[in-house]
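Chains, contacts and geometry: an overview
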Amino acid sequence: MRVLLVQAFTALDMELVYPIGLAYLAAHLDGHEVEIFDLNLYRDDPYTPFGETLDRFQPDVVGISLRNMKVAMPGVHTDDFQPQQEAIEFVKKRLPGVKVVAGGTAFSLYSEAMMKRLPAIDMGCWGESEFSFPELLTKLDRPWEVPGVYYRDPADGSVKFTGHRPKLDFKSLRHPRRDLVDAAPYLASSFVSVGVQSKRGCALRCIHCSDTFLLGHQVRMRDPKDVVDEIQELVEDHGVQQMFFCDQIFNIPVSHAIDICKEIVDRRLEVAWSAWFNEHRNTLPDELMIWLKRAGCGLLSFSPDHVDDRMLKNLDKNFRYEDMLYTVEVAKKHGMDVEYSFFLNSPGEDWRSLAAIFKFLIHARLQLGGQLRMFTLLMMNPIRIYPHTRLAELARESGMIPEDHDLIEAAYWNPGAIQHAVTGWKATARALYDVRRRWKEFTGNTYSSVTR
Ligand code: B12
Ligand code: SF4
């Protein structure tokens, strides 16, 4: 069978993302002719090269990877479904009769809604699909026999799901088919664009996170030697000098992270990289920091979401403010660059907790100077409410969203935070005014006459 694997649009205003999920699938498609096409490589005019590829390759099946939910450009698209819908309808128009199978994180999080809103999708695989997709290809006329599959009931067209499969044994998977993807445009796009995955799953329980629904709480690790074999192949055969570990969290467990670093050092691989790191001080020991640096990790990417203890507790984080201070201390000590990203409107936010973030920002800047590369405050971007999260439960319980909301356009909005911010500003302005007044009284008004 000829199978064309297509990466649908990712966030249109952001960096390219190497289609590692499709490369994993391709590695498990024995006996099929496979190609990978990324629509994002041609954002100005994707449909000319896409049409040419469809005409030339004449696939029997198009597997479309839907990664991100938010891809629409305001003013250009009506909603987030439009770009993906256009791409899938383009396939169906160009090659009527071709089967379109969807997959990817956005598909897995919003499967039913996607099947309903995008009728050109014939069927889809939920979650990790290295085994379900090849199995489905042998049973395209009987998808109901394959666990992990969404399909349309031939009787009435209703959307059905065959049920979840057990989580797969990640360490026994083949390496992704890197030979099917030209790494060059991704390398040119950003230093995080090419990914390598050393584990799947996360043991932590942040209330807003959907990764644990997608990949489970059990951390499934690959043998560090096998991980570094893959990195070596990327460096030596594909000219990769920079990469990102696309694990949920790289430094849990610490020993696995250290073993990967040691292996990179032993093989003298010249590659600069980054990853998501947990902030708890026990997960950032000096030993790890030393190996990270030696192995080419140039940036500690942290996504703590907050710094204030009360808020960290609300978000069910495994670390506290003391640990945040420790991240600054350890980065300074080892000369590592860091970046942090925060939410500014989490459940329970008030002006004191907002002020704590700004206080931390000042502290980090003073301590780290240029080593503090980026400090993202998602102020205008409240926390997305992903399906199957405790945040979703919270939002439903509090009446913020109706019980049956499909969560496609749902964001946690905490009006209290704005009120508190205004109260905070007022309190600060009042305090400043008081200081000024007292200064005037004390100096006999010299201050204002001098400044006037
Ligand atoms: C690493 C990562 C990043 C890295 C990527 C680095 C890199 N070089 O790859 C960086 C930091 C750049 C990043 C950025 C962003 N990310 Co991100 N990221 C991830 C993360 C943690 C892992 C993705 C990954 O590589 N997985 C490994 C591969 C092997 O898995 P996979 O792609 O899912 O593929 C498997 C299955 O999905 C399925 N599958 C995939 N395609 C297909 C196709 C078919 C036909 C079939 C049958 C099956 C199938 O089979 C594959 C093999 O098992 C995920 C979390 C997660 N649970 O996946 C979030 C995630 C993908 N990111 C997310 C978001 C929101 C973003 C940002 C918008 C964040 C931001 N505001 O900056 C940006 C967008 C970037 C962009 N340009 O679009 C969301 C997307 C949710 C959504 N539906 O919208 C996720 C799911 C996290 C979450 N739960 O919120 N991200
Ligand atoms: S640490 Fe990251 S992946 Fe793990 S539960 Fe929290 S947000 Fe999700």
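To start, this report covers the structure provided alongside it. Here the structure is a predicted model, which means the values were calculated and not measured.

Notes on the pairing of strand β4 (residues 99–103)
In terms of burial, β4 is a largely internal element, 4 of the 5 residues being buried. The pairing of strand β3 (residues 61–65) with β4 spans 5 bridges and is parallel. Residue pairing in the sheet places Gly63 in a bridge with Val101 of β4. Where the polypeptide runs from β3 across helix α3 (residues 81–94) and back to β4, its parallel neighbour, the crossover connection is right-handed. Summarising the sheet, β4 and strand β5 (residues 123–125) pair through 2 bridges and their orientation is parallel.

As for empty space enclosed by the protein
On inspection of all chains with the given rule, the structure shows 1 cavity of 30 Å³ or more. Here the largest cavity defines a volume of roughly 60 Å³. Looking at the largest cavity, the residues that line it are Lys199, Gly201, Cys202, Ala203, Leu204, Val219, Gln248, Ile249 and Ile252. Among the residues forming the lining of the largest cavity, the class breakdown is 6 nonpolar, 2 polar and 1 charged.

Some points on the pattern of salt bridges
Side-chain pairing between opposite charges can occur once the charged atoms of the two side chains come close. For the structure on display, the rule yields 30 salt bridges. A salt bridge links Asp169 to Lys171; the shortest N-O distance between them is 3.1 Å. Sharing partners across several salt bridges, the network here consists of Glu128, Glu130, Arg200 and Arg220.

Some words on the sheet that holds strand β2 (residues 33–38)
Sheet architecture is open: 7 strands sit in the order β2-β1-β3-β4-β5-β6-β7, paired in mixed fashion. Sheet topology places β2 and β7 (159–161) at the edges, where each strand pairs with a single neighbour. Neighbour to neighbour, the strand axes of the sheet diverge by 20 degrees on average, direction disregarded. Against the sheet, helix α1 (residues 20–27) contacts β1 (2–7), β2 and β3, and its axis sits at roughly 165 degrees relative to β1.

A closer look at the packing of aromatic side chains
Applying the stated criterion to the full structure yields 20 aromatic pairs. Measuring from ring centre to ring centre gives 6.0 Å for Phe107 and Tyr150, while their planes differ by 90 degrees; the resulting arrangement is edge-to-face. Placement of Phe107 in helix α4 (residues 105–109) and of Tyr150 in strand β6 (residues 149–152) is noted, with a sequence separation of 43 residues between them. Here Phe107 matches Tyr150 in class, with each residue buried. Ring centres 5.2 Å apart and planes at 65 degrees place the aromatic pair Phe250 and Trp273 in the edge-to-face group. Here the residue Phe250 occupies a position in the loop between β11 (242–245) and α10 (254–266), and Trp273 occupies one in strand β12 (residues 272–277), the gap between them amounting to 23 residues.

Quick notes on helix α11 (residues 286–294)
The complete set of buried residues in α11 reads Leu288, Met289, Trp291 and Leu292. Where α11 terminates, the next one or two residues include Gly296, which has phi positive at roughly 100 degrees.

Considering the site of ligand 1
Near ligand 1, the surroundings consist of 44 residues, among which Glu15, Met69, Val192, Ser210 and Asp211 are the closest. Asn68 places a side-chain nitrogen or oxygen 3.3 Å from an oxygen atom of ligand 1. At 3.4 Å from an oxygen atom of ligand 1 is found a main-chain nitrogen or oxygen belonging to Ser129. In terms of residue count, the dominant contributor to the shell around ligand 1 is α1 (5 residues). Tallied by class, the residues present in the shell around ligand 1 amount to 23 nonpolar, 15 polar and 6 charged. Taken domain by domain, the makeup of the shell around ligand 1 includes at least three residues from each of domain 1 (2–161) and domain 2 (182–381).

Considerations on the environment of Asp55
Note on placement: Asp55 falls in helix α2 (residues 47–57). Owing to a relative accessible area of 38%, Asp55 belongs among the partly exposed residues under this scheme.

Conventions and cut-offs
- Residues numbered from 1 in each chain as written.
- Chains lettered and ligands numbered in written order.
- Predicted model: local features only at pLDDT ≥ 70, side-chain atom pairs only at ≥ 80, totals over all residues.
- Heavy atoms only, no water.
- Buried < 20%, exposed > 50% of the residue type's maximum accessible area, 1.4 Å probe, protein only.
- Helix = DSSP H or I, 4+ residues; strand = E, 2+ residues; numbered from the N terminus.
- Pairing = 2+ DSSP bridges.
- Right-handed = clockwise from strand over helix to strand, strands pointing away.
- 1 Å grid on protein atoms, 1.4 Å probe; cavity = no way out; pocket = protein on both sides within 12 Å on 5 of 7 lines; lining within 4 Å.
- Points joined across faces, edges and corners; volume = space filled by probe spheres on them.
- Nonpolar A, V, L, I, M, F, W, Y, C, P; charged D, E, K, R; others polar.
- Salt bridge = Lys/Arg side-chain N within 4 Å of Asp/Glu carboxyl O.
- Axes fitted to C-alpha atoms, helices over the stretch in contact; angles between N-to-C directions.
- Contact = heavy atoms within 4.5 Å.
- Phe/Tyr/Trp six-rings, centres within 6.5 Å; stacked < 30°, edge-to-face > 60°.
- Near = heavy atom within 4 Å.
- Polar contact = N/O pair within 3.5 Å; in protein donor to acceptor, adjacent residues only side chain to side chain.
- Domains from an automatic or database assignment.

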